Amino acid sequence: MAKTQARVPGVEARAGKFPGPSLIPALHAIQERLGWLPREELEALSRDVRRPLYEIEGLISFYPHFRTEPPKKVTLHVCHDLSCWLQGADQRIAALRERYGADTEIEVAEVSCIGRCDVAPAVAVNELPGTAERAGALVAKTRAGKPVSYTSRGYSGGAPWPNDPYAPGQERYRVLRAVLAGDVDPGQVIAALQESGLRGMGGAGFPTGRKWELVAAQTATPKYVICNADESEPGTFKDRQILAEQPHLVLEGLLLGMLAAGAEEGWVFIRHEYRPEEALIRREIESLRAAGLVGEAVRASGNGTGTGRRLQVEVFTSPGGYILGEESALIECMEGHRGEPRNKPPFPGVYGLWGQPTLMNSVETFAHVPVIAERGAGWWKSQGINGGTGLKFFAVSGHVERPGVYCVPMGSTARQLLDAAGGVAGGRALGAIQPGGASSNFLGPDGLDVPLDFDALAKAGSMLGSGALVVLAEGTDLLAAATNVLRFFRNESCGKCVPCRAGSTKAYQILSDLMTAGGGARDVDERIPQLEETMRRTSICGLGQVALGPVLSVLRLTGQENHHGT
C-alpha cells in the first residue's frame, strides 16, 4: 500500500518522517484488549515493528483517545460544547461530579463534542453513547458488568430519504453493478456529477465532479479513495445519521469514486466515538464482500463472472481529534503520523495518501452520488429551491423543539428548517442561529430568511459549513456561547502553527477573565479583533482561520463592531 511517487515541490518538510505502515491500528488493538497502553506493550510493539519508542510515544501524546494509565472501572464522559451547553451541560457536569467525585471506580470527564447533539446534554459511558438523563442507569449497569446497548435514532420516518434511489425491497447498488457490467462508463458518472453542480458537503464546498475528474486524470498509481467520516464539529451529526440509515449509499458512492478514479483501495475514516455506526458500516462492507462487490475479484452480479477488477474497502478508526477532519491531517494520521495539516499545494488529489493521488469526500457527498448517477443531473438540480441545487442534510440542535436530522431542498431558509423542527423550544423568541456549525458566524433573527446555500450564506456573513443549524433562544448570553465555541477550537488546535495555538489560548483567556469579572460584549477590547485578524491571515488551516469568527459576529450582532473596528 505504501508505494510513493517521486516527491513534488512543497513536501520537503516531510523528508524526516517515519515511513509506514501506520502503527495506529496496532495501538487501537492494544487498548481494545487491555483498556490502556502499558509501557511494556509499547516496548514490545517497538521491537516487533522495529520503530523507535519515541515515535510511538509521539503518536500517543497527540491523540486524545489513547490512554497511558489504567482506566477506572467506569469512565463517564460528558460533552460540554455548544449544543450541550445550551441544554444545561455545566449544571449536569457539576451534579455528576458531586454524585461520583469521591467514587474510586468512576471517572467523570468533560469532553468535546461526541456527535450526539440531538440528545444533549450527551454522555458516553465506557465509550457507549447515551443521554445525561440516563447517565446514572448506564453507570450502574456498566459497574455491575451488565450489557449496555445503544439504539440508533431514526429520523426518516420509516421511509427512504429523498436522496435514496432504492425503494424498500429493491436490490441496492444498482449503479455500481451497471458500471461493473460495462453498461455505464465511469466517465459518465463524473460528467453527471459535474453537470449536477454537487459540491462537497463536508464544509469546503469544492465542486465534486471537478475533484473526481482531477484524480481520474492523474497518471501516477496506485490511487486511493477515502470517505471522511470524522465529523467532529459541535452541533454536527448529520453524517452520523447518514451512516446509520444509508450505509449502502455511502459505500456505493465510495466504490463509484474508486472506479471513476482508477483506485483499487478505499477507506471509511470514522471517528472512534461513532462505534455503533462503525459496526453498521463494517457489516455492510461484509455483505458487499459476500455479494462479490468488494474483494480481490469483484462481480457485476451475484452469479456472474469476475470483472477482473479489485476493489478493497476497509475501515480506519480515528484515534481522536477534530483536526483530523481536515483532509491533509487525516492523511497524516492514516500514514501513522501526528495529525497535523500539511502546507498546500500540493493537494491530496495530486499528492495524498502515501504521496499518491487521493480522492476524498465526506459521508454526505458520497451518499448523494448514486441518485445523481441514476436519475441524472437535471433531476438533482430540480430538487433545490431559491437558487439552490439538489438536496441537503442538516443537523438541528440547541433550543429547538425537535432536534434531529432533516433532509431539505438546498436553498431552504433557516426559518423553514426551524419550522420543520418545531420552532424554538417552549415557544420562545429567537435570539440567534449558527447556520453551519461551530465554525460559522452567528446570525440574528433577521437571518432566518437567508437561503441555506453556499453563496447566500457567505453573502449574509456566515457559511453553510458542516450543515448544522444551532438555535439559540432570546436571552441567551451570545458572548458566552461564542466563547464556548472558542474553547472548543482552543482545545482542538493541533499546535502546529503558533497563530492558532497561542492565539486561541490568549483570546479564550481574555474573554473568560472578562466574563468572570462580569463584563459583556461592550467590554471586549481591541485585542480580540487584532487576534482574529492575525489568526485568520496566518494560520495554516481552517481551524485557526475561523476560530474567532463567531466571537466577532456576536460583537456585530450586539452593536459593538464599530467600537472595536471590526
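Sequence positions are assigned chain by chain, starting from 1 and proceeding in written order. Local features in this predicted model are restricted to residues whose pLDDT is 70 or higher, and side-chain atom pairs enter the listing and the counts only when it is 80 or higher, whereas totals over whole chains, interfaces and linings include all residues. Excluded from the side-chain calculation are hydrogens and water; included are all heavy atoms of the structure.

K.L.:
Honestly, the sheet that holds strand S3 (residues 122-125) in this entry has me stumped. Any pointers?
P.N.:
Whenever strands of a sheet pair, they do so through backbone hydrogen bonds, lying parallel or antiparallel. The strand order across the open sheet built from 4 strands is S2-S1-S3-S4, with neighbouring strands paired in mixed fashion. Strands at the two margins of the open sheet, each flanked by one partner only, are strand S2 (106-111) and strand S4 (128-131). On average, adjacent strands in this sheet sit at an angle of 25° to one another, irrespective of strand direction. Two strands are counted as paired when DSSP detects at least two bridges linking them. Secondary structure is summarised from DSSP: a helix means a run of H or I of at least four residues, a strand means a run of E of at least two, and numbering begins at the N terminus for each. Sheet topology places S3 next to S4; 4 bridges connect them, and they run antiparallel. When the bridges of S4 are listed, Val-123 appears paired with Gly-130. Throughout, a residue-residue contact means that at least one pair of heavy atoms, one from each residue, lies within 4.5 Å. Lines are fitted to the C-alpha atoms to define the axes, a helix being fitted only along its stretch in contact, and any angle between axes, read from their N-to-C directions, falls within 0 to 180 degrees. Running at roughly 160° to strand S1 (residues 74-79), helix H6 (residues 135-143) makes contact with S1, S2, S3 and S4 of the sheet.

K.L.:
Honestly, the sheet that holds strand S12 (residues 468-473) in this entry has me stumped. Any pointers?
P.N.:
Spatially, the 4 strands line up as an open sheet ordered S10-S9-S12-S11, and their pairing is mixed. What marks the edges here is a single partner per strand, and that holds for strand S10 (404-409) and strand S11 (430-434). When the angles between neighbouring strand axes are averaged without regard to direction, this sheet yields 30°. Judged from the 4 bridges that link them, strand S9 (residues 391-398) and S12 form a sheet pairing that is parallel.

K.L.:
How do you make sense of empty space enclosed by the protein when you look at a structure like this?
P.N.:
A probe as big as a water molecule, rolled over the atoms, marks out the empty space that is left. Every definition here rests on a 1 Å grid over the protein atoms only: cavities are sets of points where a 1.4 Å probe fits but cannot get out, pockets are open sets enclosed by protein on both sides within 12 Å along at least five of seven lines, and lining residues have some atom within 4 Å of a point. Grid points are joined across faces, edges and corners, and a volume is the space filled by probe spheres set on the points. Summed over the entire model, instances satisfying the criterion amount to 1 cavity of 30 Å³ or more. When its volume is computed, the largest cavity comes out at roughly 40 Å³. Forming the boundary of the largest cavity are Ile-323, Pro-341, Ser-493, Cys-494, Lys-496, Cys-497, Cys-500, Ile-540, Cys-541 and Leu-543. Residues are grouped as follows: Ala, Val, Leu, Ile, Met, Phe, Trp, Tyr, Cys and Pro are nonpolar; Asp, Glu, Lys and Arg are charged; every other residue, Gly included, is polar. Among the residues making up the lining of the largest cavity, the classes are represented as 8 nonpolar, 1 polar and 1 charged.

K.L.:
Looking at this model, I keep getting lost on the side chain of Thr-75. Mind explaining?
P.N.:
Tracing the backbone shows Thr-75 in strand S1. Accessible area is worked out with a 1.4 Å probe on protein chains only. A residue is then buried under 20% of its type maximum, exposed over 50%, and partly exposed in between. Classification of Thr-75 by relative accessible area gives buried; the value is 7%. The definition of a polar contact used here is a pair of N or O atoms within 3.5 Å, where within protein one atom must be able to donate a hydrogen and the other to accept one, and adjacent residues in sequence count solely through side-chain atom pairs. Of the polar contacts made by the side chain of Thr-75, one reaches the side chain of Arg-67; its length is 3.3 Å. Not counting the four nearest positions on each side in its chain, Thr-75 is found in contact with Arg-67, Glu-107, Ala-124, Val-125 and Asn-126.

K.L.:
What's the story with the packing of aromatic side chains in this structure? I'm lost.
P.N.:
Here a ring pair, both rings aromatic, is described through the centre-centre distance and the interplanar angle of the planes. For this analysis, a ring pair means two rings from Phe, Tyr or Trp (six-membered ring only for Trp) whose centres lie within 6.5 Å, classed as stacked if their planes differ by under 30 degrees, edge-to-face if by over 60, and tilted for the remaining angles. Under the definition given, this model contains 10 aromatic pairs. Where Tyr-63 meets Phe-66, the ring centres are 6.4 Å apart and the plane angle is 90°; that geometry is what we call edge-to-face. For the pair Tyr-63 and Phe-66, one class covers both residues: buried. With a centroid separation of 5.1 Å and 65° between ring planes, the pair formed by Trp-161 and Phe-393 is classed as edge-to-face. Note that Trp-161 is positioned in the loop between H6 and helix H7 (174-181) and Phe-393 in strand S9, a separation of 232 residues in sequence. Overall, Phe-393 belongs to the buried group, its relative accessible area being 1%. Pairwise contacts between aromatic rings join Phe-62, Tyr-63 and Phe-66 into one cluster. Cation over ring: Arg-199 sits above Phe-454, and NZ or CZ is 4.0 Å from the ring centre. Placement of a positive charge over a ring is assigned whenever Lys NZ or Arg CZ falls within 6 Å of the ring centre and within 35 degrees of the normal to the ring plane. Seen from the ring of Tyr-274, Arg-271 lies directly overhead, with NZ or CZ sitting 5.2 Å from the centre.

K.L.:
Could you clarify how one ought to interpret the pattern of salt bridges in this entry?
P.N.:
It is possible for side chains bearing opposite charge to pair when their charged atoms get close. For this document, the term salt bridge refers to a Lys or Arg side-chain nitrogen within 4 Å of an Asp or Glu carboxyl oxygen. In the structure shown here, the tally under the stated rule is 35 salt bridges. The closest approach of N and O atoms between Glu-364 and Lys-238, which form a salt bridge, is 2.9 Å. Here Glu-364, found in helix H14 (residues 363-375), pairs with Lys-238, found in helix H10 (residues 238-245); they are 126 residues apart in sequence, far enough to count as distant. Across the salt bridge formed by Glu-532 and Arg-536, the nearest N and O atoms sit 2.7 Å from each other.

K.L.:
Even after reading the chapter, I still don't get the environment of Pro-19, so can you show me in this structure?
P.N.:
Within the secondary structure, Pro-19 is located in the segment before helix H1 (24-34). Sequence separation between Pro-19 and His-337 is 318 residues, and the spatial gap between their C-alpha atoms is 9.1 Å.

K.L.:
What is the right way to read the environment of Phe-454 from this model?
P.N.:
Tracing the backbone shows Phe-454 in helix H17 (residues 454-459). Exposure remark for Phe-454: the relative accessible area of 11% places this residue in the buried category. The sequence separation of Phe-454 and Gly-388 amounts to 66 residues, and the corresponding C-alpha distance is 8.6 Å. In contact with Phe-454, not counting residues within four places along its chain, are Arg-199, Gly-200, Met-201, Gly-205, Met-410 and Leu-464.

K.L.:
I'm lost on helix H8 (residues 186-196) in this one. Help?
P.N.:
Two residues of an α-helix separated by three or four positions point the same way, owing to the 3.6 residues in each turn. Residues of H8 that are buried: Pro-186, Val-189, Ile-190, Ala-192, Leu-193 and Ser-196. Each buried residue of H8 sits inside an arc of 160° when the element is viewed along its axis, so together they form one side. At its buried positions, H8 is contacted by H7, helix H9 (208-217), helix H11 (247-261), H14 and helix H15 (377-382). One side-chain oxygen at the N-terminal end of H8 lies 2.7 Å from the backbone nitrogen of Gly-187; it belongs to Asp-185. Backbone geometry just after H8 places Gly-197 at a positive phi near 80°. By definition, the arc is the one covered by directions from the helix axis to the C-beta atoms.

Interpretation note: all reported values are geometric properties and have no functional meaning in isolation.
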